[in-house]
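# Reading the structure
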Amino acid sequence: MTQDEMKKAVAQAAVDYIKPKLEKDSIVGVGTGSTANFFIDALAEIKHLFDGAVASSDATAERLHQHGIPVYDLNNVLDIEVYVDGADEFDPRLNLVKGGGGALTREKIVAAVAKEFVCIVDSSKQVDLLGAFPLPVEVIPMARSQVARELVKMDGMPVWRENFVTDNGNLILDVHDLEIINPKALERELNNIVGVVTNGLFANRGADVVLMGTEDGVQTLTL
């Protein structure tokens with residue numbers, strides 16, 4: 001089974017998982033990235049069962065629109081029944097690293113609002129310890145160099161993601177070589193650096209369930 005086949009299988013598993021939870025007035029939060037795109041394509045088959053979606057990026061909103069799924073501004077909805085998104089890494093405690101696609105801030109906001117966070121991944125994303133994937137940090141443009149210096153003090157190696165601007169008009173520093181022993185504490189510490197919008201650790205609000213595509217089918221992982 002190819003990686004794309006695993007992604008497609010786990011996307012369908014996510015639709016099957018959330019389907020019983022949906023009602024006519026339900027709002028679904030939708031993430032960003034290749035696995036999330038497969039989810040959107042599968043979600044379109046049951047769009048008659050829920051009201052609409054909140055998108056975590058402009059690209060996701062466009063794909064939802066293409067499938068005829070209404071997209072709402074988060075400010076105009078009361079709650080989100082479930083949020084479905086991928087990840088770049090996840091550990092045994094269902095802490096995540098996200099942001100490879102640069103949508104981490106909006107993804108984190110939607111995840112915070114959602115009643116349940118379902119993470120969909122293929123088995124290549126499973127790790128014992130987070131940190132092999134560079135940790136994205138979204139920064140205000142004028143603070144890029146200052147934040148980078150602070151990250152170096154934390155023994156990280158920040159690399160500016162050149163020629164990339166987030167949907168929020170900000171920049172991304174991808175931080176290599178961080179030891180992520182305590183994801184919750186590090187998430188808070190990074191967010192306290194002046195000029196940081198947020199970082200790609202989803203630990204204080206991690207996944208509630210991970211659906212993982214493998215060669216042998218989709219596994220459901222919970223704490």
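A few points on the structure. Just so you know, these numbers come straight off a predicted model, no measurement behind them. (Residues numbered from 1 in each chain as written. Predicted model: local features only at pLDDT ≥ 70, side-chain atom pairs only at ≥ 80, totals over all residues. Heavy atoms only, no water.)

## Here's the deal with the pattern of salt bridges
Quick note on the threshold: By definition, a salt bridge exists where a carboxyl oxygen of Asp or Glu is found within 4 Å of a side-chain nitrogen of Lys or Arg. Type-normalised accessible area, obtained with a 1.4 Å probe on protein chains alone, sets the label of each residue: buried when under 20%, exposed when over 50%, and partly exposed for intermediate values. Helix and strand assignments follow DSSP, with helices taken as H or I runs no shorter than four residues and strands as E runs no shorter than two, numbered in order from the N terminus.
Under the criterion given, the structure shown has ten salt bridges. One salt bridge connects E107 with K98, and the closest N-O pair in it is separated by 3.3 Å. A residue is classified by how much of its surface remains accessible, and K98, at 2% relative accessible area, is buried. Linking K108 and E187 is a salt bridge whose minimum nitrogen-to-oxygen distance equals 2.9 Å. Of this pair, K108 sits in helix α4 (residues 104–113) while E187 is found in helix α6 (residues 183–191), placing the two residues 79 residues apart along the sequence. Across the pair, exposure class does not vary: K108 and E187 are buried alike. Linked through salt bridges whose partners overlap, the residues forming this network are D85, K98 and E107.

## A short note on the sheet that holds strand β9 (residues 171–176)
Inclusion rule: Paired strands are those between which DSSP finds at least two bridges. Helix axes are fitted to C-alpha atoms over the stretch in contact, other axes to C-alpha atoms as well, and angles between N-to-C directions run from 0 to 180 degrees. A contact between two residues is defined here by any heavy atoms of the two lying within 4.5 Å.
Taken together, four strands build an open sheet; the order of strands is β8-β9-β7-β10 and the sheet is antiparallel. Each edge of the open sheet carries a strand with a single partner, namely β8 (157–160) and β10 (196–199). Strand after strand, the sheet turns through a mean of 30 degrees between neighbouring axes, direction not considered. Bridge count for strand β7 (residues 135–139) against β9 is five bridges, and the pairing is antiparallel. Looking at the pairing, V137 lines up with L173 of β9. Lying over the sheet, α4 contacts β7, β9 and β10, oriented at roughly 65 degrees with respect to β10. Those strands touched by α6 are β7 and β10, and its axis lies near 165 degrees from that of β10.

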